[in-house]
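# Analysis of the macromolecular model
Single-letter residue listing:
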Amino acid sequence: MNTSKTFTLSKRGLLMLAVASAVTSVQAQEQPEEEPQQTQEATQETEVIEVRGYRGSLFNSTVAKRDSQGFVDEVFSDELGKMPSQNLAESLSRIPGVKINRDVTGEGQQISVRGLGPSFTKIALNGNAISIASDGSLGSGNRNREVDLDIFPTELFSSLSVSKTAMAHQLEGGVSGFVNMRTARPFDAGNQTFKYSLEGAYGDLRGDISPRYSAIYKKTVNDKFGVLVGVAGANTKSRVDGYEAVALFTDGCVAQWNDPEHTASGCVEGSQGLNHFFWSPEATSDYAAANEGVSVGDPVNPVATSGLAADTLDTALLPYLGRPMFTYGDRDRVSGIISLQYRPNDRIDAVLDTMYAKASKDFVRTEAMWWGRRNYLHQGAAIIPENVTVDDNGYVTDGTFYNSHIWVGSHDYEEDLDFYSIMPSVSWIATDTLTVDVSASLTKSEFDRDEPYVLYMSPGGTMQFTNGDVPSFNFSENPADPTIGYTWQQEYDQNKDGVISEDEKFGDMFRIQRNHRETETKGFHLDFAYGEAPEYNGFKFGIAWDENTSNMDAFGGTAEFTENNVRNSPAYGNFAEYLSPSLVDDLGTGISGYNGYTGIAQVDWDRIKDATNYDSFEAIPSQGDQFGATVGDISEEVLGIYVEANTETEVAGRLLRVNTGVRWVDTEQSVATSESQTSTSYSKLLPSLSLVYDFMEDVKIRASASRSLTRANPSDLFPNASWGGSGIETVNAGNPYLSPFEATNFDIGGEWYFSELGYIGLTFFEKEVTGFTRSDSITVAFENLGQYGIDVNDIGDDRQQALLECGGPSQCTATVNTRNNIDGATTLSGFEAVWVQPLDIIVEGLGFNISGTTIRQDASDDDAIITGISDLSYNGTLFYENEFFQTRVTVNHQDGSASYYTQGKEVFSFDRTQIDLSASYNLPVDMDMTVTLDAYNLTNEPVGNWHEYEGIAFNAYYPGATYTLGLRGSF
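Summary of the structure given here. On a predicted model such as this, the values are computed, not experimentally measured, just so you know. (Residues numbered from 1 in each chain as written. Predicted model: local features only at pLDDT ≥ 70, side-chain atom pairs only at ≥ 80, totals over all residues. Heavy atoms only, no water.)

Quick look at the overall build of the protein chain now. The secondary structure content of the protein chain amounts to eleven helices and 53 strands. In terms of overall dimensions, the protein chain is globule-like: its C-alpha atoms have a radius of gyration of 31 Å, near the 30 Å expected for 971 residues. Dimensions of the protein chain, computed from the C-alpha atoms along their principal axes, are close to 105 × 85 × 55 Å. Expressed as a percentage of its 971 residues, the buried residues of the protein chain come to 57%. (Helix = DSSP H or I, 4+ residues; strand = E, 2+ residues; numbered from the N terminus. Rg over C-alpha atoms; globule rule 2.2 N^0.38 Å. Buried < 20%, exposed > 50% of the residue type's maximum accessible area, 1.4 Å probe, protein only.)

Residues three or four positions apart in an α-helix share a direction because the helix packs 3.6 residues into each turn. Within the sequence span of helix α11 (residues 796–805), burial applies to R799, A802 and L803. With its buried residues spanning 105° around the axis, α11 presents them on a single face. Facing away from the buried side of α11, by more than 90 degrees, are the exposed residues D797, L804 and E805. Looking one or two residues past α11, G807 carries a phi angle of roughly 115°, positive in sign. (Arc of directions from axis to C-beta.)

Looking now at the state of the cysteines. Counted according to the given criterion, the structure contains two disulfides. Put simply, C253 and C267 are joined by a disulfide, and their sulfur atoms are 2.0 Å apart. Where C253 bonds to C267 through sulfur, the torsion about that S-S bond is close to -130°, and the disulfide is left-handed. You can see C253 sitting in strand β12 (residues 253–257) and its partner C267 sitting in strand β13 (residues 265–267), a full 14 residues away along the chain. Looking at C267, the relative accessible area reads 25%, which means it is partly exposed. Residue C806 pairs covalently with C812 via a disulfide, S to S 1.6 Å. Disulfide C806-C812: the torsion about the S-S bond is 115°, which places it as right-handed. Cysteine pairing for the protein chain, with bonded cysteines counted in sequence order: 1-2, 3-4. (Disulfide = S-S within 2.5 Å.)

You can see R182 is positioned in strand β7 (residues 177–183). Note on R182: relative accessible area 22%, which makes it partly exposed. Considered as a pair, R182 and L839 are 657 residues apart in the sequence and their alpha carbons are 31 Å apart. With residues near it in sequence (within four places) discarded, R182 still touches N126, F157, S158, S159 and D188. A polar side-chain atom of R182 sits 3.2 Å from a polar atom in the side chain of D188. (Contact = heavy atoms within 4.5 Å. Polar contact = N/O pair within 3.5 Å; in protein donor to acceptor, adjacent residues only side chain to side chain.)

So, about a negative patch on the surface. Together, D416, E446, D448, E518, D553 and D633 give the surface a local cluster of negative charge. For E518, the position within the fold is in strand β28 (residues 514–533). For E518, a relative accessible area of 33% corresponds to the partly exposed category. (Patch = residues over 30% accessible without salt bridge, like charges linked within 9 Å, V, L, I, M, F, W, Y side chains within 5 Å. Areas by Shrake-Rupley, 256 points an atom, 1.4 Å probe, with all protein chains shown as cover. Salt bridge = Lys/Arg side-chain N within 4 Å of Asp/Glu carboxyl O. Lys, Arg positive; Asp, Glu negative; His and termini not counted. Charge placed at Lys NZ, Arg CZ, Asp CG, Glu CD.)

Mapped onto the secondary structure, Q894 falls in strand β46 (residues 885–894). Overall, Q894 belongs to the buried group, its relative accessible area being 11%. A distance of 2.9 Å separates a polar atom in the side chain of Q894 from the backbone nitrogen of I100.

Once that is clear, we can look at unusual backbone geometry. Located in the positive-phi region is N126, a residue other than glycine, with phi close to 50°. Assessed through its relative accessible area of 15%, N126 is described here as buried. Phi angles above zero are rare outside glycine, and K496 is one such case at about 60°. Secondary-structure assignment places K496 in the loop between β25 (490–491) and β26 (505–506). Owing to a relative accessible area of 60%, K496 belongs among the exposed residues under this scheme.

With that out of the way, let us pick up the environment of S851. With respect to the secondary-structure elements, S851 resides in strand β44 (residues 846–859). Linking S851 and L917, residues 66 residues apart in sequence, is a C-alpha distance of 18 Å.

With that settled, consider the sheet that holds strand β24 (residues 472–475). Strand order in the open sheet formed by four strands is β18-β19-β23-β24, and the pairing between neighbours is antiparallel. Bordering the open sheet on either side are β18 (384–390) and β24, each of which pairs with just one other strand. Averaged over all pairs of adjacent strands, the angle between their axes in this sheet comes to 10°, without regard to strand direction. By the bridge criterion, five bridges tie strand β19 (residues 396–404) to strand β23 (residues 461–466) in an arrangement that is antiparallel. By the bridge assignment for β23, G399 is matched with F465. (Pairing = 2+ DSSP bridges. Axes fitted to C-alpha atoms, helices over the stretch in contact; angles between N-to-C directions.)

Attention now moves to the side chain of S569. Its place among the elements puts S569 in the loop between α8 (558–566) and β30 (579–580). For S569, the side chain forms a polar contact with the main-chain oxygen of V566, separated by 2.7 Å. Dropping the residues within four chain positions of it, S569 is found in contact with W488, A611 and T612.

Within this structure, the stated rule accounts for 43 salt bridges. A salt bridge links R331 to D150; the nearest nitrogen and oxygen atoms lie 3.8 Å apart. Of this pair, R331 sits in strand β16 (residues 323–345) while D150 sits in the loop between β5 (128–129) and β6 (157–163), placing them 181 residues apart in sequence. What makes R331 buried here is its relative accessible area of 16%. On the basis of relative accessibility, which here comes to 8%, the residue D150 falls in the buried class. D418 serves as the salt-bridge partner of K358, at 3.5 Å between the closest nitrogen and oxygen. Of the two residues, K358 is situated in strand β17 (residues 348–370) and D418 in strand β20 (residues 406–431); the sequence distance between them amounts to 60 residues. By sharing partners, the salt bridges in this structure join K65, D73, R114, K164, D747 and E832 into a single network.

Among the nonpolar cores identified, the biggest contains 59 residues, and F401, W488 and F510 are the most heavily contacted of them. Judged by nonpolar contacts, the second largest core, of 36 residues, contains L156, V179, L228 and M355. (Core = buried A, V, L, I, M, F, W, Y, C linked by side-chain atoms within 4.5 Å.)

Here is the structure:
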């Protein structure tokens with residue numbers, strides 16, 4: 001086909017073509033013409049491939065990739081009830097461009113696509129929107145649009161699909177991608193009617209066996225009715241050793257008394273930095289014992305003892321509450337599905353998919369903090385440095401510190417999560433050219449976390465600090481020994497009268513921390529497809545209605561509980577009697593380079609709760625949770641309408657497939673806290689275009705352009721408005737009117753399919769993202785403050801007088817401190833490559849598959865810089881299979897990336913390379929039985945972050961390796 005005009009494949013040009021083609025492609029359906037070969041083949045009965053083994057999974061993925069429109073990758077189960085990895089996140093990591101976000105246990109929990117965070121990926125279950133009210137990783141809470149995948153067992157899913165090209169018929173919400181998780185159904189390929197697995201996982205750090213099980217039964221009757229019932233569960237006994245720091249600060253402030261009664265202390269004049277540590281100018285008992293001729297209270301020059309210059313000591317960097325820690329406990333999880341499928345004839349396929357999942361956690365997290373935060377002289381906590389060394393970047397690498405205290409914090413986590421979904425759907429071939437699909441969905445999820453937190457203090461002692469992969473702390477007393485003199489608070493006899501009075505006790509004792517969250521999604525979708533083979537020549541149109549709600553509550557009451565329950569408890573005067581020896585006696589054995597103390601005395605949680613009557617305490621509703629985030633309710637009602645056309649034509653004698661469409665989306669959003677409620681609405685038009693050209697018989701060239709959106713982070717939307725003072729000058733508020741994130745996407749690439757299984761693919765992508773937010777102050781007319789949640793009709797007498805003095809509602813203004821969208825944009829660009837290679841020519845059954853992604857970003861505004869982007873990530877598997885034996889080794893690598901910023905300094909994640917091994921042997925018996933062996937995280941790769949420079953650990957968690965032995969069978 002020749003033409004005298006050339007169309008430039010720019011992003012704008014392709015988007016314009018998308019809208020224009022939506023009209024011309026529909027009109028083309030009215031013209032009678034000979035069907036291209038691919039359409040003719042599509043109308044014929046296709047062969048059903050039964051998946052057997054990892055090689056079979058790769059084969060089905062290759063077939064799906066070859067036939068796909070746009071840039072889509074799929075992962076299929078090895079067999080009924082067996083995904084090719086330990087969990088869904090690990091399975092998805094085989095796809096180029098997909099990055100795993102891991103829990104501290106090392107288990108994959110969330111996924112990111114092409115650099116953007118988990119909130120930017122739309123996760124769907126059987127094509128329907130879902131939301132999970134789960135907790136996220138340790139020390140955080142899921143507050144935005146991320147979905148934890150670790151609640152879903154791999155055994156209950158048949159395929160996972162990742163679409164990086166937005167298409168009109170897909171649910172919007174994923175700037176970076178759309179992931180559809182397909183549960184198993186009765187008429188899926190395979191002859192097994194019952195399949196089971198029994199496994200035991202041994203964690204080398206915990207040293208216990210964690211049972212895991214699954215069972216799936218399916219039955220079809222006369223090829224018309226089918227039922228599938230599946231259940232999968234696990235009791236995971238885990239332990240994680242690690243290290244954490246709240247932050248790292250300049251320090252070195254030499255302390256001095258601020259009054260003669262020693263009731264307050266501050267820094268000597270001229271001190272520099274943030275000064276969160278205090279150096280003692282007086283000899284402490286352990287310093288006096290180590291230095292002959294020195295008595296307690298004698299003057300000490302900490303600059304001289306440190307061996308550093310004054311300005312170096314004053315600005316040296318030490319961990320802010322640096323702490324070895326461990327978690328120890330159990331997680332129970334059980335999930336089940338029931339799928340009913342009815343096919344009375346070739347034209348009707350009705351399905352009812354239901355799922356229920358329940359998970360609970362019961363574990364203790366204990367952290368032994370080096371008290372270096374506001375360690376005041378007047379509380380007897382200032383320290384004396386000796387022989388300190390500092391590197392070129394100002395970080396302390398080694399030193400001895402007298403009068404150091406270990407401040408222990410112990411959390412007792414009890415978490416419960418429930419999730420269920422009901423998803424009926426009907427596909428009806430109304431005529432030879434019209435298909436109607438109707439589906440509905442309802443999901444509900446509820447999460448509760450009770451996290452009481454007890455803190456207690458060791459007596460002063462000498463700490464030897466040495467930095468390594470993580471810092472090592474060696475204390476003159478054994479922190480694992482509950483008899484060393486722990487007290488519930490720091491106690492210091494300020495007036496030297498030999499008695500500790502109530503005003504000579506400092507610090508928290510018991511914190512109340514409870515959270516509750518509920519999510520619900522509802523949906524109704526009506527889709528039409530017109531054409532004998534509408535996926536190739538025809539058009540689709542439809543309407544989608546979805547409603548998503550999230551209700552978050554937080555509860556506290558620390559002050560009330562302390563006053564009424566702690567101080568009146570039998571434990572208040574003799575807290576040490578409520579301590580037990582450490583739960584672990586080898587803390588840090590799995591931590592690279594650690595050479596510090598190996599245990600932490602543990603509070604006896606049952607006894608301390610009983611002593612304080614904890615279970616009867618009615619927690620008090622709070623505006624924010626323990627992470628400092630506002631809580632409230634969010635409701636979104638979304639209406640989507642789309643039209644999409646598919647057509648085929650020949651260009652230069654080769655087949656060209658075109659998919660083009662446009663989706664219109666209207667969003668009604670309501671955001672509320674306990675004090676205010678606001679609502680807003682907006683509409684967006686999202687065009688899309690995808691082209692696939694058969695450049696050669698086995699070579700496909702692809703290109704796509706689209707617009708996509710992700711709605712603003714819920715945590716930024718809460719109004720929570722309040723006056724900033726006694727006047728009307730300032731208001732502090734969230735911003736429920738934030739615009740969504742939007743992206744213009746462009747992809748071009750292709751694949752060469754050199755065998756039924758093998759292919760090589762390369763894709764270039766570019767994504768321009770807008771909608772980023774930053775803290776901002778804006779001037780707002782007083783009469784418009786209502787849109788930020790301020791009741792302008794009830795402002796009190798003082799503010800009413802201020803309003804009159806400045807001229808009344810129409811003349812007065814206020815400064816609103818909030819978050820606003822910025823004008824800046826960030827462009828992400830990169831390459832994705834995949835290579836699937838059978839090596840039968842060398843050894844029958846041998847092969848490998850590898851995928852890799854590189855990403856770079858160009859931000860027009862510093863506030864638009866995206867964190868969490870790895871420059872390079874790759875995933876590779878070497879496999880071998882024969883009739884009886886299968887084995888594969890998988891390597892997953894992610895470069896470190898900027899995670900976030902603290903005090904203006906970058907925190908960036910570790911480079912991480914995880915190695916897993918999987919093997920199975922089919923037993924030579926009449927029954928179908930297979931012995932399996934899996935080794936997960938063989939090299940004990942940590943999950944963690946550096947602070948500003950590699951070698952300065954901010955946090956690091958070492959979950960150890962896990963070895964699983966199991967038996968699978970079917971009949």
